[in-house]
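Here's the letter readout for the chains.
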Amino acid sequence: METLRLFEHARHPSGLIYWLSRMARLNQKLGLEQIQAFLQNAPLNQEELLPYWKFSGSHYHRNPIYGNEHFELLLFCWHRQQSSSIHNHHGSHCGIMVIQGTATEERYAATAQGQLISTETRDFKTGSILLNQARDIHKISNQQQEDLVTLHLYSPPMRRMDCYNLERETPHYAPQRIQPSMAH
């Protein structure tokens, strides 16, 4: 079994350690079904995630929990009116579970002329799970008064995302490199 490479916190809840070790034993990239199964079945609660419960005043905050070459688990913390850019996950599948609050997801699609248009906006309340394939284009935001906390599972770990700008006539995207959240 692969040795777990955990981040700065030595004390982890046994339930989270158990599920992460089960996933690490697969020793492969996770499909959307496996990502959904983890988020549905892992015995997570707010107390277990408190060491990673960190916010930023200016933008949402990515708090790494665990990562290896096949997947990574992060806790995102969002204050009111904070949002991601419009982006895809450039080769990584993603599952998101709402731990606290309500997440608003806006999905986009490219037209035949290459313009990006909004196709759907949905709210996800505490306990909800949303899944995104590698090339899905979306934006996540906290449009509520209370703080939002979401758990993100990426496989393989997200190292790049394409960010889109709707203010240009032609679709503009800027590849954005993501710092690895794995401990090496």
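What comes next is a walk through the structure. (Residues numbered from 1 in each chain as written. Predicted model: local features only at pLDDT ≥ 70, side-chain atom pairs only at ≥ 80, totals over all residues. Heavy atoms only, no water.)

### A closer look at the overall build of the protein
- Broken down by element type, the protein carries three helices and eleven strands.
- Start at the N end of the protein and walk to the C end: the helices and strands fall as α-α-α-β-β-β-β-β-β-β-β-β-β-β.
- Taking all 184 residues of the protein together, 48% fall into the buried category.
- When the accessible surface of the protein is totalled, it reaches about 9400 Å², and 46% of it is carbon and sulfur. (Helix = DSSP H or I, 4+ residues; strand = E, 2+ residues; numbered from the N terminus. Buried < 20%, exposed > 50% of the residue type's maximum accessible area, 1.4 Å probe, protein only. Areas by Shrake-Rupley, 256 points an atom, 1.4 Å probe, with all protein chains shown as cover.)

### A short note on empty space enclosed by the protein
- For the structure on display, the rule yields one cavity of 30 Å³ or more.
- Its boundaries defined by the atoms lining it, the largest cavity holds a volume of some 70 Å³.
- For the lining of the largest cavity, the elements supplying multiple residues, two or more each, are strand E2 (72-78), strand E4 (93-100), strand E8 (137-141) and strand E9 (148-155).
- Of the residues contributing to the lining of the largest cavity, the split by class is nine nonpolar, five polar and one charged. (1 Å grid on protein atoms, 1.4 Å probe; cavity = no way out; pocket = protein on both sides within 12 Å on 5 of 7 lines; lining within 4 Å. Points joined across faces, edges and corners; volume = space filled by probe spheres on them. Nonpolar A, V, L, I, M, F, W, Y, C, P; charged D, E, K, R; others polar.)

### Things to note about the packing of aromatic side chains
- One pass over the structure, following the stated rule, counts four aromatic pairs.
- Ring centres of Tyr 60 and Trp 78 lie 4.4 Å apart, and the angle between their planes is 25 degrees; on these two criteria the pair is classed as stacked. You can see Tyr 60 sitting in the loop between helix H3 (46-49) and strand E1 (61-67) and its partner Trp 78 sitting in strand E2, a full 18 residues away along the chain. Exposure class is identical for Tyr 60 and Trp 78. Each is buried.
- For the pair Tyr 66 and Phe 71, a centre-to-centre distance of 5.3 Å together with 40 degrees between the ring planes defines the contact as tilted. No difference in accessibility class separates Tyr 66 from Phe 71, as the two residues are buried.
- Joined through ring pairs, the aromatic side chains of Tyr 60, Phe 76 and Trp 78 make up one cluster. (Phe/Tyr/Trp six-rings, centres within 6.5 Å; stacked < 30°, edge-to-face > 60°.)

### Points about the nonpolar core
- Core analysis: the largest hydrophobic core is formed by 25 residues, its most contacted members being Phe 38, Ile 65, Leu 75 and Leu 151.
- Taken together, the elements giving at least two residues each to this core come down to helix H1 (14-26), helix H2 (32-41), E1, E2, E4 and E9.
- For this core, the leading source of residues is H1, giving five residues.
- If you look at the next biggest cluster of nonpolar residues, it comprises 16 residues, including Phe 76, Cys 94, Ile 96 and Val 98. (Core = buried A, V, L, I, M, F, W, Y, C linked by side-chain atoms within 4.5 Å.)

### Some details on the sheet that holds E1
- The antiparallel open sheet is built from five strands, whose spatial order is E1-E2-E9-E4-E7. Across the chains shown, the open sheet's two edge strands, defined by having one partner strand only, are E1 and strand E7 (129-132). Going from strand to strand, the sheet's axes swing by 20 degrees on average, the running direction of each strand aside.
- Here E2 runs beside E9; their pairing, made up of seven bridges, is antiparallel. In the sheet register, Phe 76 faces E9, and the bridge partner there is Thr 150.
- In this fold H2 packs onto E2, E4, E7 and E9, with an angle of close to 15 degrees to the strand it touches most, E4. (Pairing = 2+ DSSP bridges. Axes fitted to C-alpha atoms, helices over the stretch in contact; angles between N-to-C directions. Contact = heavy atoms within 4.5 Å.)

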